[in-house]
Amino acid sequence: EGGVGEENGDVRPFTVTTEHGKFTVMDFGTVIHNVSGYHDARFIYPVGFQSSCIFQGTEYHCGIKYGSKGPVFGVRGEDGTAEHTAKSPDAAWSAAVPSSHGRPSGIEAFGLSLPGVRARIFSLPNADKCLMYVHEEKRGKVVLTAVYSSTREDVRRDIL
């Protein structure tokens, strides 16, 4: 398993096995923080991100490319099938892999939901500038803050 270089912050590929199969990230890509669609509250979608997963005996290659209207997600099978592209990882994965029992979601197939992948993506340059993205360490605090604010407003409304 690869990791983050402690001295220069570079991110190297790594492989991990989960209940859905084996995932390898070959390239973590480049974070585009100032263009709509390249991150949301839960995920950052780096341009140039490349991964592979093995599902039901076939290796699939997944990637994220730059698109003028947001990221373009692509999936192609090692068995020579054409690349399927879409505006979301789920749509690209669904087009490439017929529905079957135990099929992971597109986010899972790309490896974007894996904690190690998310941490490495967040360590990339400009990831901290993704204003909509809520880092996992802050997720609970954000929820608690929202609940507290809502409760405080409710109390203020009840008092007035």
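All values derive from a computational prediction rather than experimental measurement. (Residues numbered from 1 in each chain as written. Predicted model: local features only at pLDDT ≥ 70, side-chain atom pairs only at ≥ 80, totals over all residues. Heavy atoms only, no water.)

Peer 1: Explain the sheet that holds strand β6 (residues 84–86) to me, and be specific about the residues and the numbers.
Peer 2: One open sheet holds the six strands; their spatial order is β1-β2-β3-β4-β5-β6, and the pairing between them is antiparallel. Only two strands of the sheet have a single neighbouring strand rather than two, namely β1 (14–18) and β6. Between one strand axis and the next, the sheet turns through 20° on average, direction left out of account. (Pairing = 2+ DSSP bridges. Helix = DSSP H or I, 4+ residues; strand = E, 2+ residues; numbered from the N terminus. Axes fitted to C-alpha atoms, helices over the stretch in contact; angles between N-to-C directions.)

Peer 1: Outline helix α3 (residues 115–122), supporting the account with residue identities and numerical values.
Peer 2: For α3, the complete set of buried residues consists of V117, R118, R120 and I121. Seen along its axis, α3 keeps its buried residues to an arc of 165°; they face one direction. (Buried < 20%, exposed > 50% of the residue type's maximum accessible area, 1.4 Å probe, protein only. Arc of directions from axis to C-beta.)

Peer 1: Residue-level account of the confidence of the model for the chain, with values.
Peer 2: On average, residues of the chain score 79 in pLDDT, and 76% of them reach the 70 mark or higher. Predicted confidence is poor over residues 1–9, with pLDDT under 50, and the contacts of this stretch with residues over four places away or in other chains come to 17 contacts. Overall, residues 139–160 carries pLDDT values under 50, and its contacts beyond four positions in sequence, including any with other chains, amount to six contacts. (pLDDT = per-residue confidence, 0-100. Contact = heavy atoms within 4.5 Å.)

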